[in-house]
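# Remarks on the overall topology
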Amino acid sequence: MKHLILFFSAAVFLLFTESAVSAQQIVYADASAFPLYGKVSEDTDGRYERLPSHLKTVSREPVWYLGRNSAGLYIRFRSNSTSIHLRWESMFNNSMTHMTDTGTKGLDLYALQDGEWRHVCSAQPQGKKSERAVIRYMDPIEREYMLYLSLYDGISSLEIGVDEGASLDMPAVDSPSSERPVVMYGSSILQGGCANRPGMAHTNILSRRIGREVINLGFSGNALLDMEIAELMASVEEPGLYVLDYVPNASAESIDEIGEQFFRVIRDAHPDVPVIFVEDPVFPHSAYDNAIRKEIAEKNASQKRLFARLRKAGEKRIYYVGAEGMIGDDGEATVDGIHFTDLGAMRYVEHLLPVVKKALRKSE
């Protein structure tokens, strides 16, 4: 009987506590009041889109559509709230068989702790419209936050909710640094396929590792060396580094024919900014599929020829990242033989990071 009474008392206390928390008022603010990073231009149709408005009549239709996805974009704010809530509407309500809905159209919250960005929790979508308590029961300590946006959907509207009476302010720390961003161009892998949550897209991992803003210009299946994308990359006023990771989509023929032209658009605008050329990963199923193995070899050979040609022409600040060891050799780094799991994204960053650090060091 004594144990039963204690159990009943504990249950009543827990119920009372839950009721008190649920009764607490949450105040929402439009996220447009806080700084947004990861964009080349503010001149976009919607705030959380990646491509400037003028490309709507220039870009191919799939490129324009994918540019409306918010991959790589993140919001910075600070608060002393004991809970963080999010309310958002997805633009398309996309869903895919090989990628989690949280990665596709969810949100991902990080906090700055002892100088490092640490994952707090992700906001899982409920459909086209979602409202989530991302984290509760925290100490009322002022923290710097970073909120990563959806990778494979757009954001029509977004609000941040905090406890009534809690602060919700502009960030006080420039982290990741917004000076001299890294601009990356590539395929569905670079866009974020198939991270479990937005913070695990490899461009976002890299940004945290180097403490610098990274602009994600990944276009699923459509990194086809479109010249208006080269011009967009060239329009970044003070870039720190360019990374060209288009080989998974581009053909060997197109790399041979227009790869240099694409590079020249960037180089003519920024003669001293380093550029990294990246090979196609050696996808696990290429060990069995003769056709894909041949395709990868041919495309990487074209990328090597382009790099060698530029070197011969006197280009100094260019770097090359080969495929060997890029995602490990155990076959465990992809969802479907191509798109990276979180493990694959982490391995990719570790493979790329020494060259990125070297290029940035030599350019500053």
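Refer to the preceding data block for the structure.
Notes on the structure follow. Bear in mind the structure is a predicted one, so any value in this text is a computation, not a measurement.

## What to know about the sheet that holds strand β15 (residues 318–321)
Pairing within the open sheet is parallel, and its five strands lie in the order β12-β11-β13-β14-β15. Because the sheet does not close on itself, it has two edges, and the strands there are β12 (212–218) and β15. For this sheet, the mean angle separating the axes of adjacent strands, direction not counted, is 20°. Relative to β15, strand β14 (residues 275–278) runs parallel, the two being bridged by four bridges. When the bridges of β15 are listed, valine 278 appears paired with valine 321.

## Quick look at the sheet that holds strand β4 (residues 84–90)
If you walk across this open sheet you meet the four strands as β1-β9-β4-β7, and the pairing is antiparallel. Looking at strand neighbours, the two that pair on one side only are β1 (26–30) and β7 (129–135), the edges of this open sheet. With strand direction ignored, the average angle separating the axes of adjacent strands in the sheet is 25°. Bridge count between β1 and strand β9 (residues 155–163): five bridges; the pairing is antiparallel. The partner of valine 27 across the bridge, within β9, is valine 162.

## Observations concerning unusual backbone geometry
Residues serine 175 and proline 176 are joined by a peptide bond in cis, for which omega reads -10°. As for its position among the elements, proline 176 is in the loop between β10 (168–169) and β11 (177–186). Residue cysteine 194 is reached from glycine 193 by a cis peptide bond, and omega for that bond is 0°. For cysteine 194, the position within the fold is in the loop between α4 (188–191) and α5 (202–210).

## Things to note about the pairing of β9
Relative to β9, β4 runs antiparallel, the two being bridged by seven bridges. From the neighbouring strand, isoleucine 84 faces β9, where its bridge partner is valine 162.

## Focus: the pattern of salt bridges
Counted under the stated rule, the structure contains 20 salt bridges. With a shortest N-O distance of 3.4 Å, arginine 68 and glutamate 49 are connected by a salt bridge. Placement of the pair is arginine 68 in the loop between α2 (61–67) and β3 (74–79) and glutamate 49 in the loop between β2 (36–37) and α2, with a sequence separation of 19 residues. Among the salt bridges present, the one from aspartate 330 reaches arginine 347, with a minimum N-O distance of 2.9 Å. Of this pair, aspartate 330 sits in the loop between β15 and α9 (342–363) while arginine 347 sits in helix α9, and the two are 17 residues apart along the sequence. A relative accessible area of 23% places arginine 347 in the partly exposed class. Taken together, the shared-partner salt bridges connect Glu260, Arg264, Arg267, Arg309 and Glu315 into one network.

## Here's the deal with the nonpolar core
Counting 44 residues, the largest nonpolar core has Met184, Ile210, Leu241, Ile276, Val278 and Leu352 as its most contacted members. Considering each element in turn, this core owes the most residues, nine residues, to α9. Apart from the residues lying within four places of it in its own chain, the contact partners of methionine 184 are Leu190, His202, Thr203, Leu206, Val214, Ile215, Asn216, Leu217, Gly218, Val243, Tyr348 and Leu352. The next biggest cluster of nonpolar side chains, apart from the first, holds 34 residues, and it includes Leu244, Tyr246, Phe262 and Val273.

## Details of the pairing of β4
Of all seven residues in β4, five are buried, a share of seventy percent or more. As defined by bridge partners, β4 adjoins β7 across six bridges and the pair is classed as antiparallel. Directly across from histidine 85, in β7, lies its bridge partner alanine 133.

## Some points on the packing of helix α7 (residues 252–269) against helix α8 (residues 290–312)
Where α7 contacts α8, the two axes come as close as 9 Å, and the packing angle between them is 35°. Like other packed secondary-structure pairs, α7 and α8 cross with a definite hand, here right-handed. Of α8, the residues touching α7 (which contributes Ala252, Ile255, Asp256, Gly259, Glu260, Phe263 and Arg264) are Glu298, Lys299, Ser302, Gln303, Arg305, Leu306, Arg309 and Leu310. Residues of the contact of α7 with α8, tallied by class, amount to five nonpolar, three polar and seven charged.

## Notes on α7
Taking 1.5 Å of rise per residue, the 18 residues of α7 would be expected to cover 26 Å, and the 26 Å separating its terminal C-alpha atoms lies within 8% of that figure. Burial in α7 covers these residues: Ala252, Ser254, Ile255, Gly259, Phe262, Phe263, Ile266 and Arg267. Elements that come into contact with the buried residues of α7 comprise β11, α6 (227–234), β13 (241–245), β14, α8 and β15.

Rules behind the numbers
- Residues numbered from 1 in each chain as written.
- Predicted model: local features only at pLDDT ≥ 70, side-chain atom pairs only at ≥ 80, totals over all residues.
- Heavy atoms only, no water.
- Pairing = 2+ DSSP bridges.
- Helix = DSSP H or I, 4+ residues; strand = E, 2+ residues; numbered from the N terminus.
- Axes fitted to C-alpha atoms, helices over the stretch in contact; angles between N-to-C directions.
- Salt bridge = Lys/Arg side-chain N within 4 Å of Asp/Glu carboxyl O.
- Buried < 20%, exposed > 50% of the residue type's maximum accessible area, 1.4 Å probe, protein only.
- Core = buried A, V, L, I, M, F, W, Y, C linked by side-chain atoms within 4.5 Å.
- Contact = heavy atoms within 4.5 Å.
- Left-handed = near helix turned anticlockwise from the far one by under 90°.
- Nonpolar A, V, L, I, M, F, W, Y, C, P; charged D, E, K, R; others polar.
- Expected span 1.5 Å × (residues − 1).

Keep in mind these values describe shape, not function.
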